[in-house]
Amino acid sequence: MHHLESARFSKVDRRMNGITSHKVFEVEGNDLVIAVPSVLSKDGKISFLMSDTSGIKQGDYVDFCFAYTVTNGRANSYQAQFLGITPPEFKPENAETYTI
């Protein structure tokens, strides 16, 4: 995990390790709702139960590392690892809700 955490601060490392940035749509208690590609969710968002959401608010961008398998254009299972709030220099431009 430490490797991924340190890889968040270089453009090349982010790309090589599959680290993506996702807009936070909602934070309610320990529930975090983020934007994701349509391959992961028909409505473009996924909810995560987090142990700690302090410091995260609606409109922030957060880093995740997703691993998933795809069948017929849809993910049939996935794993996600939360890495932290996206460093300012890697926030998506032009109001995009996530990066690939």
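On a predicted model such as this, the values are computed, not experimentally measured, just so you know. Here, residues in each chain are numbered from 1, in the same order as that chain's written sequence. Selection of residues for local features in this predicted model requires a pLDDT of at least 70, selection of side-chain atom pairs for listing and counting requires 80 or more, and totals for whole chains, interfaces and linings are taken over all residues. Note: side-chain values were computed over all heavy atoms of the structure, leaving out hydrogens and water.

Engineer: A description of the pairing of strand 2 (residues 31-35) should follow, citing residues and the corresponding values.
Structural biologist: When a residue's accessible area, from a 1.4 Å probe over protein chains only, is under 20% of the maximum for its type it is buried; when over 50% it is exposed; and in between it is partly exposed. Only DSSP runs of H or I with at least four residues qualify as helices, and only runs of E with at least two residues qualify as strands; both kinds are numbered from the N terminus onward. For strand 2, the tally of buried residues reaches 4 of 5 residues, placing the bulk of the element in the interior. Two strands pair if DSSP finds at least two bridges between them. Relative to strand 2, strand 1 (residues 19-28) runs antiparallel, the two being bridged by 4 bridges. Bridging across to strand 2, valine 27 finds its partner in leucine 32. In textbook terms, the turn of a hairpin is the stretch between consecutive antiparallel strands, and for strand 1 and strand 2 this stretch comprises 2 residues, one of which, glycine 29, has a positive phi near 65 degrees. Pairing of strand 2 with strand 3 (residues 45-49) involves 5 bridges; the strand directions are antiparallel. Bridging from a neighbouring strand, alanine 35 pairs with lysine 45 of strand 3.

Engineer: How would you sum up the pairing of strand 5 (residues 74-85)? Please name residues and give values.
Structural biologist: In this structure, strand 4 (residues 61-71) lies alongside strand 5, joined through 10 bridges in antiparallel fashion. When the bridges of strand 5 are listed, aspartate 63 appears paired with glycine 84. Hairpin geometry of strand 4 and strand 5 is characterised by an intervening segment of 2 residues between the two adjacent antiparallel strands and by a positive phi of about 55 degrees at asparagine 72.

Engineer: Residue-level account of the pattern of salt bridges, with values.
Structural biologist: Any carboxyl oxygen of Asp or Glu within 4 Å of a side-chain nitrogen of Lys or Arg constitutes a salt bridge here. Taken as a whole and judged by the stated rule, the model has 2 salt bridges. One salt bridge in this structure joins arginine 14 and aspartate 63, with 2.8 Å as the shortest N-O distance. Taken as a pair, arginine 14 in helix 2 (residues 11-16) and aspartate 63 in strand 4 lie far apart in primary sequence, 49 residues in all. Each of the two residues, arginine 14 as well as aspartate 63, counts as buried.

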